[in-house]
Structures are given as structure tokens and as C-alpha cells.
Amino acid sequence: MIRTMKGRPLAAALVSIGMAGSAGAQTLIWSDEFNSGSLDETVWNIETGTGINGNWGTGQLDRATDRAENLSFINGVPGADGGVLSITTRNEFYIDRDFTSGRINTQGNVAFGPGHKIEARVWPRDVRYQGQGFAFWMMPNEIPAGFDHIMWPQGGEVDIMEYVGSIPYHNLATVHYAWFWENNEYQDWNHGHLGGYYSYRDQQGPDEPEWISVDLGQSTAIDQVVLHWEGAFGKSYKIQVSDDNSHWTDLYSTDSGDGGTDTLNVSGSGRYVRMYGTERATEWSYSLFEMEVFSGGVNLAYARPVSTSSNQASDLAGNNAVDGEYSTRWSSNLRNPGYGGYPPMAGDPDAGSSGFHTYGINWHQDRIEFYVDDNVYHIHYLNDGDAYGLDDNDEAHTQNMDGRRVYVSEFSNHFDEWHPFERQMYLILSAGVGGPSGYTYGGGIVPEAQFPASVLVDWVRVYDLDGTGEPTIPDPEPEPNPVDNVALGKPASASSRESDAMNAAAAVDGNGETRWASAWSDGEWMAVDLGAAYAIDRVELTWEAAYASAYRIQISDDGQAWQTVRTVTDGDGGEDILHSLNVTGRHLRIVVDQRATGYGASLWEMEIYAGDSTSPEPLADKAQGQPVSASSVEGGYWFAEYAVDGNPATRWSSDASDPQWISVDLGSVQPLSKIVLDWEAAYGSSYEIQVSNDGSSWNTLAIATNGDGGRDEIALAGSGRYVRVLGTERGTGYGYSLWTFEVY
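Values in this document were obtained by computation on a predicted structure and should not be read as measured data.

S.K.: So what's going on with the overall build of the protein? Which residues, and what values?
M.R.: Helix and strand counts for the protein come out as zero helices and 43 strands. Taking the principal axes of the C-alpha coordinates as reference, the protein spans close to 110 × 70 × 45 Å. Every one of the 744 residues in the protein was classed for burial, and the buried ones make up 53%. Summarising the internal contacts of the protein: among those between residues at least 6 apart in sequence, 75% fall at separations of at least 24. A total accessible area of about 30500 Å² is found for the protein, and carbon and sulfur atoms account for 47% of it.

Written as C-alpha cells, this is what we have:
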């Protein structure tokens, strides 16, 4: 097999470790900031259904949909750079499955290859239980000549982010590839993969300390310790003694262990003697055939009680290391994490679900560097001999590079017909629910898992890394001219029309001889969807003879919840120019409160101008940091103040009974326009929003009777010093639980 690239010494890779954080020195060539409130369909495809083999090829239980319940947009998420895309899995029966999910990809629209830095800022907020998972990954966008497809895994796969609830403290970055071309046909055995884990706590590859301790029964002077290592030995470890099994003294330490038999002459005393491993020499465990502790030539450890940090299996327990047999052994957990430790505590900084992290790759011509928050932790070399010996073998080891643990792997260019990671690949963002088959990464869903489970994507960005990459990206749309009428030709709707010809579209067609005319009644409206959120400065209305003497201009992000931004009570027809609106929104409408004639309301044209004013300052959350109280607190831990502390990773949770309430004191009577509730999985299906000036007498401003969790934004019209959410019916068997309770 001909190799087209020469071998390269591993030391050269050290130069690149600092590159992950250097995006500022590179050129941003494409991004989606998810700020428009809708999915850009020139870029993203929405996947629906159940994929390969009816289970996405991975044993999953979910059906992907294009509904807002699974793919939506949220503004005002603390820590986000702007709007976020929310991809949500739900425990609900839909068509033929008990779970639904969201999946989008850029296949055929946007693709990148070597020479690019590709990253996404993601918060897997609700991925907290086994069976829940989220991935940011890439698949081939190119097809070999003479074929109509590229088979997996011959085409390769790059998993930048694989985060699952069963391994909450680590992320996995993996490359998948084939060993043989097999004429581009699938073979079950033809699958290679090399993956490295990232520890959020250590901010590098994992290497949990492990230990084995022998209880000698009483404090005894010792002079020698002999360790008989199996092939999985410790590179760095200590021999320690203690009289209380709590406070330890080092008798010996090394960072250059080489396995075999270590005979260590020591001097000290203690009841407990332990080997404390701090760095593995292999990707496996710490494994000892025997641990012998001598005093005057007598092995005091023989058959004594033993404790360990972990046991890889029941037949590899600690007592095997003191049984006098060199054919049995103790083995600790492996370097890579197993399932467990879920769900993490709210706000635990060592868990990936605690907040936003940036997951990315530096894709060079000869290697792919995986990083989280600028910390490179896995480097995969494409060719044999670039990291290790030229021996036609896949190989991977954890290396210490610039003081950091980095998993270094090779190789994936196994056949000349197709080199998978020298080709363009498209982007995928997907959530899923694991099945019981045993081959879903992260395991099958557990009964206690809480839904809905949302993952928040702040943005996806791609940089030109070294000037050699050729991306596939759509031509950029021209920026709107600040003096352009952004309503021109946009979709329009109305409450009524006098005739088919006098429809709403006639008022945004730029034709001064066509018009919209409503039915002959007050309360009629006309709305236009601008397609994206705009900073709107002014609205110009050109009235036909049938004008409105009183009307309102309203704005909305979703076309459902409307906010009045200008009220006119002395309309006189002709041309109305409404300046200095200074609002941002996607939908704008006029509501006719009073007609000036016996006819309907009629507009020749409604023009909307954006861009020639600064965007308004965002509304301040009046509840944040204010005194708060609640009817109950679950377990004496999920306190009410967590709902107003500005931290979306902490929450209030009540007892599991109805009714329950949470109330915030704004300090003085305040005008109120809306309330935002960000529910944890335990949501309220029926609740009331109430206000009070004295905290005793309450007035109900809004009632919800069909709550489904997630994020509720409720428009209000009223005022009060105290604002209360009164839950009257829970949506689950648990209590009421809110990540955030915001008042505007």
C-alpha cells in the first residue's frame, strides 16, 4: 500500500497545542449565531423519522420531528452570546415511538475539510441521566467517482462532541473509519475507531487516581515494599503509610515506573500501607499480581484485609494482591470513565451539563486536534508513522504534552481508494434517547430519567485555519440597506379582507395602486412576517380614504405574544410616519381600535424601516436577586432563591403535592409586561400568575391550564410589588421545579 505522506515526529505536534485558542488570529468564514428566531433553511436540513434500521443505526428509541417541541429558539439565556437553538428530547408517544427528538444537518449546503477550525458553543443542560445524549459531529459530504453514495464507515465520521448523561463528567471525541475499501460496501467487522475523553474537572484527558491499601492490624515498622505489576502498571505512584487510614505519609514516590517487579526499600511505620497511583502507564488500569510489605524479611501483608479505590471486576478484587498467588491479581478501573455518577448535582462545575462549553477541532492536512474550551485533549494523525512507528497498525496512547494529558492516535488512511479525513464533511447537531440493545453509546434510558431534556446551542462557527481549505458554503445574502423597506414583499396576513383582491399582501407589494381593506368593524388587524428579527426604527402607513382614528402598532418574536410599542388616538388619515420606535422583532402588526368612517380600515401601503437606529437595551429582570419565598422546598436543598439567582443551572423545587407557590418581592409596586418561567422536567400543567401590593391580597393576571414544561413567556398587563406563581396542578408525579423565574 503506497503512503502519500512522509512520517512526522511526534514532537512537532507540541507546537500546535496552543492553537485552539487562537481563533482571533484566524478568519471567520462562516457561522450561524441562531439569533434570527428561525432555522436558516439555506443551511440546515431538518431530519425526521427514525433513520437507519429504524433506530438511527445505534439502537436509539426516538423519532426525530420538525416540530417546535423538538426544535425551537430561545432568547435571554444567561451566558449566551445571543439567541440559542434548543434541541429537545421528550418522553411522549408520537406516531410509533415513546420518545421524540430533534436533528439537523448541513448536508449538501455547508461542508468543510482540512484547513479549518470548526467549533460550537453548547450547553447540554438537561442531559443528566443514562440514556440521554447529544452530539456535534460530521459526516462525508463527498461521493467517490462512479458511485452514488459513500458507505459508512469507509467515508469516515468525526465526533467532536459526544456527551451522554451516564458519563456526566467527560466528553468523548472520536474518529470512525474502515480498515478496507471493500468496494464501498458495508461489512460488519470493517470498523475502526479511536476516541479520547476530556475531563471537565481536569481540563485535559482523564487519569483518576487509584489505590490499594493493606491493613496490617497494628502500627508496625516496615523496611521494604515489593510490587509485582501485571502489564497495566503505574508510571507515577507513591507508597504511603497511615495509623488512622486518613492521614497519610509518603515513604516513596516515582514518576518513571516501568512495570515488572518493583522492590522498594523504605523506612517508616504505620498500620495501613497503600500504593497510591497518580498516572497510569497504559490506557488500562493499575494491576498488581501481588503487593508485599516486609519487616525483617516477613511479608506482613499476606492474607490481611485490603481496601481499594475501585475494582475493575469482582474477580479482580483487592484481596487477590495479598493471597500469595502470582496468577491472581487486583485491577482498578480503566483510565477511561465508565457509566455512573448521574445525575450530577445542580451547578456542579465538574459536569458538562453545568453550563456552556466550546467544542471544536483544528483540522490540519495531516491531523485533527480535538479541544474543549481551547484545551486540546485528542490528536488523531491520518497516516501511519506520523505519531508512532511505520508498522501498519492503529495505535493510541495518552501522552504528556506541555504538562497536559493528550490522547494521541493514528491512523485512518488505510486504503488508497478513499482517504476519509482529507475530504469535506457536513455538520450535524442531534439529540437522542438510548435503547436497551446494548450498543447505544451511553446506555439505555433509565426509568428515573427526566424529560423534556433540552440542549442549548449558542452558535456554530468555522474559521480558515491555514489558508489551504476549500469550504462549501452558500453565497452570503446581502445585508439589508438601512433605508430599505424590510416589509416589502414579505408574507402578510390579516384578520379579514373586504375582497380577495384587497388582501394583506397588497399593502406590502410596493404598488401604490393596490391596497388592503378590512371588514367593516373595529378590532381588525394586519400583520407582516419580516422573516428575521430586525431593529425597527419607524413605520410608514399610507391610508386610503377609509382610515383609522385610533390604532396600535405591536411587535412580536413569534407571531403569538404581542407587545404594543405605539398607540395612536388622533389619526387623521393620509400618511402617518411613526418615528423612533426603537424595538426589535420579527413580526409587526397594526390593530385598528376605531375606524374613522363607516367602512373598514384600508391601507395602500405599510412600510417598515430598520437598521437606522440602535437596538434597544434589553429589559432588566426585576426579580433577579430579590427576596423570594415559597410554600415548600424539596429535601431542604432546592431553595426558592435559586430561581432568581440568575444562574440557569440552579433551581427551586417544591414538595410533590398541590397546590404550591413561589413569590418574589420586587421592593416596590412595579408595572409588569411579562413573566418568563423556565421549567425543569417537573413542571406545572396548570398554574396562575398573581400580583399583590401587600403580599397578602392577590389578584390573578394570567391562568395557564395546558402547560407542557420548557420555557413559558406570558404577557401581563398590570402592576404589583409581589409576583407569585401559584401551581394548582403538577404535570408529573414530582413537585414544581423552576430553573428561572423572571419578571419584566
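S.K.: Give me the lowdown on the packing of aromatic side chains, citing residues and values where you can.
M.R.: A ring pair, where both rings are aromatic, is described by two values, the distance of the centres and the angle of the planes. Applying the stated criterion across every chain, the model contains 18 aromatic pairs. Ring centres 6.3 Å apart and planes at 45° place the aromatic pair F34 and F73 in the tilted group. Of the two residues, F34 sits in the loop between β1 (27-32) and β2 (45-46) while F73 sits in strand β4 (residues 71-74), which places them 39 residues apart along the sequence. Owing to a relative accessible area of 3%, F34 belongs among the buried residues under this scheme. Put simply, the rings of W30, F34, W44, F73 and F112 touch in pairs and so form one group of aromatic residues. The cationic tip of R423 hangs over the ring face of W418; the distance from NZ or CZ to the ring centre is 3.9 Å. Here R651 stacks its cationic end above the ring of W638, 3.9 Å away from the centre of that ring.

S.K.: Tell me about the pattern of salt bridges, and please be specific about residues and values.
M.R.: Tallied over the full model, the rule gives 34 salt bridges. The shortest N-O distance in the salt bridge between R125 and D678 comes to 2.8 Å. Linking R125 in the loop between β9 (116-123) and β10 (132-140) with D678 in strand β39 (residues 660-679), this pair joins segments that are 553 residues apart in sequence. Note on accessibility: R125 and D678 belong to one class, buried. R586 is paired through a salt bridge with D529; the nearest N and O atoms lie 2.8 Å apart. Highlighted residues: R586 in strand β35 (residues 583-595) and D529 in strand β31 (residues 525-543), separated in sequence by 57 residues. When its relative accessible area of 18% is taken as the criterion, D529 is described as buried.

S.K.: Provide a residue-level description of the nonpolar core, including the pertinent values.
M.R.: Judged by nonpolar contacts, the single largest core of 48 residues is most densely connected at I118 and L429. Setting aside residues up to four positions removed in sequence, L429 forms contacts with F34, W44, L85, I87, G102, R103, I104, F134, A135, F136, V457 and V460. Membership of the second largest hydrophobic core comes to 31 residues, among which are A487, A507, V565 and V568.

S.K.: Can you explain unusual backbone geometry? Please cite residues and give values.
M.R.: Of note, the bond from Y342 into P343 is cis; its omega dihedral lies within 30 degrees of zero at -10°. Secondary-structure assignment places P343 in the loop between β21 (330-331) and β22 (357-363). Following F451, the chain continues into P452 via a peptide bond in cis, with omega recorded as 0°. Mapping P452 onto the fold places it in the loop between β27 (425-433) and β28 (453-464). Here the phi dihedral of I95 falls at roughly 65°; this positive angle occurs in a residue that is not glycine.

Rules and cut-offs
- Residues numbered from 1 in each chain as written.
- Predicted model: local features only at pLDDT ≥ 70, side-chain atom pairs only at ≥ 80, totals over all residues.
- Heavy atoms only, no water.
- Helix = DSSP H or I, 4+ residues; strand = E, 2+ residues; numbered from the N terminus.
- Buried < 20%, exposed > 50% of the residue type's maximum accessible area, 1.4 Å probe, protein only.
- Contact = heavy atoms within 4.5 Å.
- Areas by Shrake-Rupley, 256 points an atom, 1.4 Å probe, with all protein chains shown as cover.
- Phe/Tyr/Trp six-rings, centres within 6.5 Å; stacked < 30°, edge-to-face > 60°.
- Lys NZ or Arg CZ within 6 Å of the ring centre and 35° of its normal.
- Salt bridge = Lys/Arg side-chain N within 4 Å of Asp/Glu carboxyl O.
- Core = buried A, V, L, I, M, F, W, Y, C linked by side-chain atoms within 4.5 Å.

Keep in mind these numbers describe shape, not what the thing actually does.
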